[in-house]
Amino acid sequence: MTHDQRPIGVFDSGIGGLSVLKHLLHHLPHERFVYLGDTARVPYGNKSAETIKLYARQCAAFLQQHNVKLIVVACNTASALALDVLQRELDVPVLGVIEPASRAAAAGTANGHVGVIGTRATIASNSYARCIEASATSRVIVQSQPCPLFVPLVEEGWLDLPATRLIAAEYLRPLIANHIDTLVLGCTHYPLLMPMLEAMLPGVRLIDCGEWTARDACDILAQRDELAGPEAQSGMYFYVTDHTPLFTSLAQQFLGRPVNDPVRVSVDHLTDA
Ligand code: DGL
């Protein structure tokens, strides 16, 4: 065990990355985390590849100013469109969520029918289908479904209302018809809908990318000898790019512990250099 007390940086377009942070806190209890939610510009999932790359570079540059030892791209959309750019440009390791979740899906399916739900940009990138097929040892059929209405519903805190269930039923119908036995929640906002999705999909294994990403984060830091020791001062520091009234209450509800209000950082102060 080493004693690297530099924080881990985590970013998402909004509150979705909290679903990854939850698993990071569980697997890495002695670490400090700096979380940036780009709430002024959420959702990323309906934007162009160029815009998503620009935003991702700006978020990563902000985290680097906090001397982070690892950046976790807790956003599938940014992982799909910008992970390679960030890994090329930055001098700290950068971990995305798609590869860990794809490995878990490929290993978890019994009948070879895997569903993926995500934002329009993530699904259009085909990253999950490619990555799941590459990870599988036998034939897998991947069926993808964009669910663009889920992100605003989650940001609004509508986690299990009749309207949310109606929309979910519409999105899930083609996947259920194709007898998927495994469903990747390919957007970090979606695990906040987990109780509702579990009730609607009995017998389907739901893959939460945060769980598998957190394990990889642990492995990366251990291999680099950069884990914080038990004497380290753990903690979470939240930043958002716009005032988000529900952030603190949703974060507390979802992380199951008290959190400080986020500090606002203007997008005008984000640079990609
Ligand atoms: N939570 C993000 C993801 O995993 C982004 C959602 C969005 O901003 O559209 O894709």
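Going by the structure above, here's the rest.
Residues numbered from 1 in each chain as written. Predicted model: local features only at pLDDT ≥ 70, side-chain atom pairs only at ≥ 80, totals over all residues. Heavy atoms only, no water.

Draft legend 1. Structural detail: the side chain of Thr77. Among the structural elements, Thr77 can be located in helix H3 (residues 76-89). The contact partners of Thr77, leaving out residues within four places of it in the chain, are Tyr44, Gly45, Ile52, Thr119, Ala121 and Thr122. (Helix = DSSP H or I, 4+ residues; strand = E, 2+ residues; numbered from the N terminus. Contact = heavy atoms within 4.5 Å.)

Draft legend 2. Expanded view of empty space enclosed by the protein. Scanning the model with the defined rule gives 3 cavities of 30 Å³ or more in all. Of the voids in this model, the largest cavity is the one considered here, and its volume is about 70 Å³. If you go around the largest cavity, you meet 14 residues; those closest to its centre are Ser13, Thr77, Thr119, Cys187 and His189. Across the lining of the largest cavity, the residue classes tally to 6 nonpolar, 7 polar and 1 charged. Quantified by volume, the second largest cavity comes out at close to 40 Å³. Taken together, Pro43, Gly45, Asn46, Thr119, Arg120, Pro148 and Val151 form the lining of the second largest cavity. Tallied by class, residues from the lining of the second largest cavity come to 3 nonpolar, 3 polar and 1 charged. (1 Å grid on protein atoms, 1.4 Å probe; cavity = no way out; pocket = protein on both sides within 12 Å on 5 of 7 lines; lining within 4 Å. Points joined across faces, edges and corners; volume = space filled by probe spheres on them. Nonpolar A, V, L, I, M, F, W, Y, C, P; charged D, E, K, R; others polar.)

Draft legend 3. Summary view of the layout of surface pockets. Estimates place the volume of the largest pocket at around 180 Å³. In this structure, the largest pocket is lined by Ser79, Ala80, Leu83, Asp84, Gly96, Val97, Ile98, Glu99, Ser127, Arg130 and Cys131. At the level of elements, H3, helix H4 (98-108) and helix H6 (127-135) are the ones that each hand at least two residues to the lining of the largest pocket. When its residues are assigned to classes, the lining of the largest pocket shows 5 nonpolar, 3 polar and 3 charged.

Draft legend 4. Region of interest: the site of the ligand. Looking at the ligand, there are 14 residues lining it, with Ser13, Tyr44, Asn76, Thr77 and His189 nearest. A distance of 2.6 Å separates an oxygen atom of the ligand from a polar atom in the side chain of Thr77. With respect to the ligand, the side chain of His189 contributes an N or O atom lying 2.7 Å from a nitrogen atom. Taking a 2 Å distance to the grid points as the criterion, the majority of the atoms of the ligand fall inside the largest cavity. Grouping the amino acids of the shell around the ligand by side-chain chemistry returns 6 nonpolar, 7 polar and 1 charged. (Near = heavy atom within 4 Å. Polar contact = N/O pair within 3.5 Å; in protein donor to acceptor, adjacent residues only side chain to side chain. Sits in = over half its atoms within 2 Å of the grid points.)

Draft legend 5. Up close: the packing of helix H2 (residues 49-64) against H3. Interaxial distance between H2 and H3 falls to 9 Å at its minimum, and their mutual angle equals 55°. By the angle between their directions, the pair H2 and H3 is classed as oblique. Judged by the twist between their axes, the crossing of H2 over H3 is right-handed. Contact with H2, carried on its side by Ala49, Ile52, Lys53, Ala56, Arg57 and Ala60, involves Thr77, Ala78, Leu81, Ala82, Val85, Leu86 and Glu89 of H3 and no other residues of that element. Its residues placed into classes, the contact of H2 with H3 shows 9 nonpolar, 1 polar and 3 charged. (Axes fitted to C-alpha atoms, helices over the stretch in contact; angles between N-to-C directions. Parallel < 35°, antiparallel > 145°, perpendicular 65-115°, else oblique. Left-handed = near helix turned anticlockwise from the far one by under 90°.)

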